[in-house]
Amino acid sequence: MTAIDWLGFVGVFQILLAYFLNVIGKVSNKGLPFILLNLIGAAMACLASILLKYVPFIILEAVWTVISFVSLLKYKKATDN
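The following paragraphs examine the structure supplied in this document. (Residues numbered from 1 in each chain as written. Predicted model: local features only at pLDDT ≥ 70, side-chain atom pairs only at ≥ 80, totals over all residues. Heavy atoms only, no water.)

## Describing the side chain of N38
- For N38, the position within the fold is in helix 2 (residues 32-52).
- Engagement of the side chain of N38 in a polar contact is seen with the backbone oxygen of F34, the distance being 3.0 Å.
- Dropping the residues within four chain positions of it, N38 is found in contact with I15, A18, W64 and S68. (Helix = DSSP H or I, 4+ residues; strand = E, 2+ residues; numbered from the N terminus. Polar contact = N/O pair within 3.5 Å; in protein donor to acceptor, adjacent residues only side chain to side chain. Contact = heavy atoms within 4.5 Å.)

Structure representation (structure tokens):
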């Protein structure tokens, strides 16, 4: 496996880990661990897709990253109050 493959693998693993932990009730989908796993994982998978020049997954992971970032901003705003 190349470094790009590893980057994508680790990113996708983080997204799936967040989902798995949420399904088994270990993390809330509104909690910081879930949000960060999704944000970092999607950003890593997006970067790997960019390096591979695979446009469908660039779009998917870019949107996932933006949504996760918005969730992070909402989380921060809610905890600042």
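## Considerations on the packing of helix 1 (residues 3-23) against helix 2
- Relative to each other, helix 1 and helix 2 sit at 150 degrees, their axes nearing to 7 Å. Viewed along their axes, helix 1 and helix 2 adopt a mutual orientation that is roughly antiparallel. The way helix 1 lies across helix 2 gives a crossing that is left-handed.
- Within the contact of helix 1 with helix 2, the residues separate by chemical class into 19 nonpolar, six polar and no charged. (Axes fitted to C-alpha atoms, helices over the stretch in contact; angles between N-to-C directions. Parallel < 35°, antiparallel > 145°, perpendicular 65-115°, else oblique. Left-handed = near helix turned anticlockwise from the far one by under 90°. Nonpolar A, V, L, I, M, F, W, Y, C, P; charged D, E, K, R; others polar.)

## Quick notes on helix 2
- Taking 1.5 Å as the rise per residue, helix 2 with 21 residues should run 30 Å; its terminal C-alpha atoms sit 30 Å apart, in good agreement.
- For helix 2, the set of buried residues is F34, I35, L37, N38, L39, G41, A42, M44, A45, C46, A48 and S49.
- Of the surrounding elements, those touching the buried residues of helix 2 are helix 1 and helix 3 (55-80).
- One or two residues past the end of helix 2 sits K53, with phi positive at roughly 60 degrees. (Expected span 1.5 Å × (residues − 1). Buried < 20%, exposed > 50% of the residue type's maximum accessible area, 1.4 Å probe, protein only.)

## Some points on a nonpolar patch on the surface
- Together, M1, W6, F9, V10 and F13 make up a nonpolar patch on the protein surface, roughly 550 Å² of accessible area in all.
- Relative to the elements of secondary structure, V10 occurs in helix 1. (Patch = residues over 30% accessible without salt bridge, like charges linked within 9 Å, V, L, I, M, F, W, Y side chains within 5 Å. Areas by Shrake-Rupley, 256 points an atom, 1.4 Å probe, with all protein chains shown as cover. Salt bridge = Lys/Arg side-chain N within 4 Å of Asp/Glu carboxyl O.)

## Some details on the pattern of salt bridges
- Taken as a whole and assessed by the stated rule, the structure comprises one salt bridge.
- Between D80 and K76 there is a salt bridge whose closest N-O contact spans 3.1 Å. Of the two residues, D80 and K76 both sit in helix 3, four residues apart, roughly one turn of that helix.
- Given a relative accessible area of 47%, K76 falls into the partly exposed group.

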